[in-house]
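One letter stands for each residue in the lines below.
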Amino acid sequence: MARQSLQIELAERPKGSIVPGQTFRQRTVAAPTEADLKDGQLLLESLYLSLDPAMRGWLNDRRSYVPPVGIGEVMRGNAISRVIASKSAKARAGDIVVATIGFREVAILPETLVEPPFPLPPNGKLTDLLGVLGPTGLTAYFGMTRIGQPKPGDSVVVSAAAGATGSVAAQIAKISGARVVGTVGSDEKVRWLKEELGLDEALNYKDPDFKTKFKEATPGYIDVFFDNVGGEQLDMALGRAKKNARFVMCGGISGYNAESPYGLKNISSIIAQRIRMEGFIVFDYIPEYPAARQQLAQWLGEGKIQRKGTVVPGGLAVAEGALSRLFQGANTGKLLVEVKSPDEVSKL
Ligand SMILES: NC(=O)c1ccc[n+]([C@@H]2O[C@H](COP(=O)([O-])OP(=O)(O)OC[C@H]3O[C@@H](n4cnc5c(N)ncnc54)[C@H](OP(=O)(O)O)[C@@H]3O)[C@@H](O)[C@H]2O)c1
């Protein structure tokens, strides 16, 4: 019997949080085969699917840096994928690549949606392709090195610092010789940042004394704020900014499910402290990905970057439920769903 492929489609635009079983619809279709391949295309199966806070934004029918996912369309997403067959010079059958395959078990993609295989460093893991060496690691790299530009002795604060992007951004700032403070949502994450990643200070924003501790942790004010969270934490950082501070506007997860945005109270600090606040999207740097990956792989190999990840088992069917974990802080490092074990032999 021909192989079946599960796919997850957008059923309705959520108001507030994603509702598993309602926001998306799961559908099983006949999997494409090698016979369907045209020149410049690859037949792929998904192994590890990336879950990203940005996915919530792609569900809003609003102007952004990519078009929204349409109702009835397969949910957009990147996955570490195995090439089953190829009519492209980009990768060969058996190669492991990162591809924008979406929430699908099997698909044919044009080569433009497939990245060429990247060799892992000796201590590398397959999942690093979507972690330190993937889009979140690259986001941390470009945001911190191009916009933040920390110098030795600078005071750097990173929000969501135990997440996929934040943990790498914080460690890059440490490599630059800065004094680094991370904010996170649990005491366990505080311990990981201080004891294993070597951050100078880490604070749990759920602590009732967080505001006082944030002030105490930034005695000489902040040179670089790498923001993944927005809202109240961004407001606090604005209030603690040093003159000529750089604010790396990476994300604002605290507002992604909110129906009305948080109103910043310290916005005038931008003027008073001559803050340079700059947003960016990692895609802006695509031509520079190979060199950046090389640097990140070197740091990973040298042990200068440590990582953890959260891999949710259960196949593609659990992906829509797992996505909400990002908003509950259930992940440390990169959140992935294991769609298929890489050790399982393909039956296509
Ligand atoms: N600009 C770009 O090109 C780009 C690219 C990739 C990602 N991003 C942005 O970078 C940020 C991090 O993304 P990621 O993929 O690395 O995810 P992540 O940090 O691995 O996961 C999200 C983390 O955010 C924290 N969080 C969730 N809700 C929160 C809230 N209400 N207040 C404070 N913290 C909250 C949680 O950790 P706690 O337990 O600490 O709360 C959670 O683990 C997101 O804002 C994302 O949109 C931007």
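Residues numbered from 1 in each chain as written. Predicted model: local features only at pLDDT ≥ 70, side-chain atom pairs only at ≥ 80, totals over all residues. Heavy atoms only, no water.

Strands sit in the order β9-β8-β7-β10-β11-β12 across an open sheet of six strands; the sheet is parallel. The open sheet is flanked by β9 (201–204) and β12 (276–279), the only strands paired with a single partner. Adjacent strand axes in the sheet meet at a mean angle of 15°, parallel and antiparallel pairs treated alike. The sheet contact formed by strand β11 (residues 241–249) and β12 spans four bridges and is parallel. Within β12, the position partnered with M249 by the bridge is G279. Sitting on the sheet, helix α5 (residues 210–217) is in contact with β7 (155–159), β8 (179–184), β9 and β10 (222–227), with an inclination near 165° to β9. Across the sheet, helix α6 (residues 231–239) touches β7, β8, β10, β11 and β12, and the angle it forms with β11 is around 155°. (Pairing = 2+ DSSP bridges. Helix = DSSP H or I, 4+ residues; strand = E, 2+ residues; numbered from the N terminus. Axes fitted to C-alpha atoms, helices over the stretch in contact; angles between N-to-C directions. Contact = heavy atoms within 4.5 Å.)

Moving on to the pattern of salt bridges. Applying the stated criterion across every chain, the model contains 18 salt bridges. The residue D154 makes a salt bridge to K151 at a minimum N-O spacing of 3.8 Å. For D154, a relative accessible area of 8% puts it in the buried group. The exposure class assigned to K151 is partly exposed, which follows from its relative accessible area of 45%. Measuring nitrogen to oxygen at the nearest pair gives 3.2 Å for the salt bridge that ties D223 to K242. (Salt bridge = Lys/Arg side-chain N within 4 Å of Asp/Glu carboxyl O. Buried < 20%, exposed > 50% of the residue type's maximum accessible area, 1.4 Å probe, protein only.)

Around the ligand sit 28 residues, and of these T165, K189, Y205, Y256 and N331 come closest. The contact in question runs from an oxygen atom of the ligand to an N or O atom on the backbone of V282, over 2.7 Å. Protein contacts shield 89% of the accessible area of the ligand, which totals 910 Å² for the unbound molecule. Elements represented by at least two residues in the shell around the ligand include exactly α2 (135–148), α3 (164–175) and α10 (325–328). (Near = heavy atom within 4 Å. Polar contact = N/O pair within 3.5 Å; in protein donor to acceptor, adjacent residues only side chain to side chain. Areas by Shrake-Rupley, 256 points an atom, 1.4 Å probe, with all protein chains shown as cover.)

Now for the UniProt feature "domain: Enoyl reductase (ER)" (unreviewed entry) in the chain. Here the UniProt feature "domain: Enoyl reductase (ER)" (unreviewed entry) sits at residues 21–337. Each end of residues 21–337 is marked by a C-alpha atom, and these two atoms are 17 Å apart; helix forms 26% of the span and strand 24%. (UniProt positions renumbered as here; feature names shortened; annotations may be inferred.)

This next bit is on the environment of K242. Here K242 shows up in strand β11. On the basis of relative accessible area, K242 is assigned to the partly exposed category, the value being 31%. On a C-alpha basis, the gap between K242 and D223 in space is 5.7 Å, while along the polypeptide they are 19 residues apart. The contact partners of K242, leaving out residues within four places of it in the chain, are G220, Y221, I222, D223 and Q273. A polar contact is formed between the side chain of K242 and the side chain of D223, at a distance of 3.2 Å.

With that out of the way, let us pick up the packing of α2 against α3. Relative orientation of the contacting elements α2 and α3 amounts to 40°, with a least axis distance of 8 Å. Comparing their axes, α3 and α2 come out oblique. When the axes of α2 and α3 are compared, the crossing they make is right-handed. Note on element contacts: α3 touches α2 through A164, T165, V168, A169, I172 and A173, opposite T136, G137, T139, A140, Y141, M144 and T145. (Parallel < 35°, antiparallel > 145°, perpendicular 65-115°, else oblique. Left-handed = near helix turned anticlockwise from the far one by under 90°.)

For α2, a buried count of 11 out of 14 residues is recorded, marking the element as mostly surrounded by other parts of the structure. Those residues of α2 not exposed but buried are T136, G137, L138, T139, A140, Y141, F142, G143, M144, I147 and G148. Looking one or two residues beyond α2, the residue adopting positive phi is Q149, at roughly 45°.

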